[in-house]
Amino acid sequence: MPRLSEVIAALENLWPAEWAESWDAVGTVVGDPDQEVARVLFAVDPVREIVDEAVQLGADLIVTHHPLYLRGTTTVAASTFKGRAVHTLIKNDIALHVAHTNADRADPGVSDALAGALDLRVVRPLVPDPSDPDGRRGLGRVCELDHPVTVREFAARAAARLPATAQGIRVAGDPEALVRTVAVSGGSGDSLFDDVRAAGVDAFLTADLRHHPAAEFMADRAHSPLALLDAAHWATEWPWCELAAAQLDEISDRHGWDLRVHVSKAVTDPWTAHAASITTDSLGAPN
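First things first, this report covers the structure right here in the doc. (Residues numbered from 1 in each chain as written. Predicted model: local features only at pLDDT ≥ 70, side-chain atom pairs only at ≥ 80, totals over all residues. Heavy atoms only, no water.)

Turning to helix α9 (residues 233-255), a few remarks are in order. When the terminal C-alpha atoms of α9 are compared, their 34 Å separation across 23 residues agrees well with the 33 Å that a helix rising 1.5 Å per residue should span. Downstream of α9 by a residue or two, G256 has a phi angle that is positive, lying close to 70°. (Helix = DSSP H or I, 4+ residues; strand = E, 2+ residues; numbered from the N terminus. Expected span 1.5 Å × (residues − 1).)

As structure tokens, this is what we get:
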């Protein structure tokens, strides 16, 4: 049975901390390096539901994509929900490790897992990491489809293959336009609009698209007539959990660790319901 320090070393080899953005908070949050690890749980969010699941599962380590303390804190009092998570983890000898933007940049990384879930062939990174001489790491991915489909059909594929959420998939652009090439980026992606335009793709699938950046992007469609597909943040990143779990499984087999690796199926997307607008012949504001 490996020690936590050995498992963390393997995880940091997959997603080195130096690949993370300067503002990020990655690495081990809670855990004794000498504790033994037999069971690992992967999840997107380090929230109460995931901590409780780890306790019930008897996990020794949780690996999440999102940080617990992204902006730092002055307290871990159990009266706060994050402090309660820390107390519960420590009381139950459960470690917590975070791989965030370092996993976004990895090869394979978060956007590779997203492309795989959508049955897309990855061509190259959308924003290559200049420190990678092979040009395989970086943010987002530029992908190809096996055969052209309409925007409407591609949106339906995304809705069917990504985890179900209240939001579903929102679309901006002509639903009947053909899609041959797609840029994808797990998580919030509207900071990548310039790179998407430069990539010359037919569509961009990401999450958390805000009104003003999306509106300005679509207003410039004469220069870049592509479609935007906006999925739920959690849904675009959850496929990475399965990829990461498979990577750790392979490492465990290679080292003879016999780890039991699990992926949480808990939906931690914050949105819980959706009420569709009632329309007749066209969309629009009430008279």
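The topology assignment puts R254 in helix α9. Residue class for R254 comes out exposed when judged on its relative accessible area of 53%. Within polar-contact distance, the side chain of R254 engages the side chain of E250 at 2.7 Å. (Buried < 20%, exposed > 50% of the residue type's maximum accessible area, 1.4 Å probe, protein only. Polar contact = N/O pair within 3.5 Å; in protein donor to acceptor, adjacent residues only side chain to side chain.)

Another point: the packing of aromatic side chains. Evaluated as defined, the whole model comprises 4 aromatic pairs. Pairwise contacts between aromatic rings join W15, F42 and W240 into one cluster. (Phe/Tyr/Trp six-rings, centres within 6.5 Å; stacked < 30°, edge-to-face > 60°.)

Moving on, we get to the sheet that holds strand β2 (residues 39-43). Strand order in the open sheet made by the 5 strands is β1-β4-β3-β2-β11, with mixed pairing throughout. Only two strands of the sheet have a single neighbouring strand rather than two, namely β1 (27-30) and β11 (260-263). Each strand axis lies, on average, 25° off the axis of its neighbour in the sheet, ignoring direction. Strand direction decides the pairing type here: β2 and strand β3 (residues 61-64), joined by 4 bridges, are parallel. Within the sheet, the bridge partner assigned to L41 lies in β3 and is I62. The sheet contacts of helix α2 (residues 48-57) involve β2, β3 and β11, and relative to β2 the element is tilted by about 160°. (Pairing = 2+ DSSP bridges. Axes fitted to C-alpha atoms, helices over the stretch in contact; angles between N-to-C directions. Contact = heavy atoms within 4.5 Å.)

A few words on helix α1 (residues 4-14). Of the positions making up α1, those classed as buried are L4, V7, I8, A10, L11 and L14. One side of α1 holds all its buried residues, which, seen down the axis, span an arc of 160°. (Arc of directions from axis to C-beta.)

Let's shift gears to the side chain of D104. Considering the arrangement of structural elements, one finds D104 in helix α4 (residues 101-105). Notably, D104 is buried but unbridged: the nearest opposite-charge side chain belongs to R105, and the N-O separation is 7.5 Å. When sequence neighbours within four positions are dropped, the list of residues in contact with D104 reads H65, V110, G138, L139 and R141. (Lys, Arg positive; Asp, Glu negative; His and termini not counted. Salt bridge = Lys/Arg side-chain N within 4 Å of Asp/Glu carboxyl O.)

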